[in-house]
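Here is what each chain is made of, one letter per residue.
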Amino acid sequence: MLNIAVCVSGGGTNLQAIIDAIRDGRIKNAKIAGVFSNNRNAYALTRAKEAGIETKTACPKEFSSREEFHKAFLEAIDSWKPDLVVLAGFLVILPEELIRRYEGRIINIHPSLIPSFCGTGFYGLKVHEEALRRGVKVTGATVHFVDEGTDTGRIIAQKAVEVLPGDTPEILQRRVMEEAEWVLLPRAIDDIANGRL
Ligand code: GRF
């Protein structure tokens with residue numbers, strides 16, 4: 001059984017996609033041991049609690065230093081002894097120690113086809129704003145392993161999504177989530193849990 005820790009900062013629709021996929025058997029041999037957030041008000045935490053999953057939070061501004069926050073963050077993750085750490089809309093730069101300790105066992109979902117629209121500053125709606133500004137006709141999502149860089153780790157899976165006339169960043173974001181993110185992330189976890197990756 002693959003033990004998963006999920007890190008979230010916001011709405012948690014990707015977390016929900018994982019919870020649903022475990023429930024209905026699209027992800028086999030895996031369970032979510034805990035959900036961590038840097039944001040106490042993240043709706044993702046409500047989703048976790050409703051699913052009976054343990055949650056832990058630590059907010060950087062409540063600590064006297066970045067090191068103290070990192071310590072609390074690492075302690076929370078370690079407490080679940082995860083085989084896999086999933087970043088599902090997590091807006092915190094990971095401490096190097098965590099990246100080292102869980103090397104090859106951290107994955108992230110990014111809402112574009114890497115290497116387009118990724119790296120520092122490309123998060124949330126900004127990714128889709130830039131895709132529309134550039135006028136691409138196809139965008140999508142990427143699941144990748146996490147290394148020390150920003151969105152530079154080995155790519156696991158990608159799915160393309162069409163950009164349509166009249167798209168706003170919000171409309172495009174929703175389509176990328178529905179057609180790509182919520183499909184790709186559970187599938188990648190199932191692949192890892194069942195030795196296909
Ligand atoms: C998603 O677009 C994900 O790709 C990005 O942040 C967003 C999180 O959405 N990394 P949610 O919190 O899962 O609803």
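Not measured: the values here are computed from a predicted model.

*Asks:* I keep staring at helix α1 (residues 13-23) and nothing clicks. Help me out?
*Replies:* All buried positions along α1 are accounted for by Asn 14, Leu 15, Ala 17, Ile 18, Ile 19 and Ala 21. At its buried positions, α1 is contacted by β1 (2-8), β2 (30-37), α2 (43-50), β4 (84-87), β5 (106-110) and α6 (169-193). Gly 25 lies just past α1 and shows a positive phi near 85°.

*Asks:* Looking at this model, I keep getting lost on the side chain of His 110. Mind explaining?
*Replies:* Tracing the backbone through its elements, the reader meets His 110 in strand β5. Owing to a relative accessible area of 4%, His 110 belongs among the buried residues under this scheme. Residues within four places of His 110 in sequence aside, it is in contact with Phe 117, Cys 118, Phe 122, Val 127, Gly 140, Ala 141, Thr 142, His 144 and Asp 151.

*Asks:* Looking at this model, I keep getting lost on the site of the ligand. Mind explaining?
*Replies:* All residues in the neighbourhood of the ligand are listed as Gly 10, Gly 11, Gly 12, Thr 13, Asn 14, Gly 89, Ile 109, Pro 111, Met 177 and Glu 181. Between Asn 14 and the ligand, the recorded distance is 2.9 Å, taken from a backbone N or O atom to an oxygen atom. Residue Glu 181 places a side-chain N or O atom 2.7 Å away from an oxygen atom belonging to the ligand. Contact with the protein chains hides 87% of the accessible area of the ligand, taken as 370 Å² for the molecule alone.

*Asks:* Help me understand the packing of aromatic side chains, please; the structure alone is not making it clear to me.
*Replies:* Here the distance between the centres and the angle between the planes together describe a pair of aromatic rings. Within the structure shown, the criterion is met by six aromatic pairs. Their ring planes at 20° and their centres at 4.6 Å tell us that Phe 36 and Phe 73 sit as a pair that is stacked. Residue Phe 36 is found in strand β2, and its partner Phe 73 is found in helix α3 (residues 66-79); the two are separated by 37 residues along the sequence. The exposure classification of Phe 36 matches that of Phe 73, with both residues buried. Grouping aromatic residues by their ring pairs yields a cluster made of Phe 36, Phe 63, Phe 69, Phe 73 and Phe 90. The lysine or arginine in question, Lys 56, covers the ring of Trp 80, its NZ or CZ lying 5.4 Å from the ring centre.

*Asks:* Help me out: how do you make sense of the packing of α1 against α6 in this one?
*Replies:* Any two packed helices are characterised by the angle at which their axes cross and by the distance between the axes. Axis separation between α1 and α6 bottoms out at 9 Å; the angle between their running directions is 50°. As summarised for this structure, α1 and α6 are arranged oblique, according to the angle between their axes. Like other packed secondary-structure pairs, α1 and α6 cross with a definite hand, here right-handed. Along the contact surface, α1 presents Thr 13, Asn 14, Ala 17, Ile 18 and Ala 21, while α6 presents Met 177, Glu 181, Trp 182, Leu 185, Pro 186 and Ile 189. Among the residues forming the contact of α1 with α6, the class breakdown is eight nonpolar, two polar and one charged.

Criteria and cut-off values
- Residues numbered from 1 in each chain as written.
- Predicted model: local features only at pLDDT ≥ 70, side-chain atom pairs only at ≥ 80, totals over all residues.
- Heavy atoms only, no water.
- Buried < 20%, exposed > 50% of the residue type's maximum accessible area, 1.4 Å probe, protein only.
- Helix = DSSP H or I, 4+ residues; strand = E, 2+ residues; numbered from the N terminus.
- Contact = heavy atoms within 4.5 Å.
- Near = heavy atom within 4 Å.
- Polar contact = N/O pair within 3.5 Å; in protein donor to acceptor, adjacent residues only side chain to side chain.
- Areas by Shrake-Rupley, 256 points an atom, 1.4 Å probe, with all protein chains shown as cover.
- Phe/Tyr/Trp six-rings, centres within 6.5 Å; stacked < 30°, edge-to-face > 60°.
- Lys NZ or Arg CZ within 6 Å of the ring centre and 35° of its normal.
- Axes fitted to C-alpha atoms, helices over the stretch in contact; angles between N-to-C directions.
- Parallel < 35°, antiparallel > 145°, perpendicular 65-115°, else oblique.
- Left-handed = near helix turned anticlockwise from the far one by under 90°.
- Nonpolar A, V, L, I, M, F, W, Y, C, P; charged D, E, K, R; others polar.

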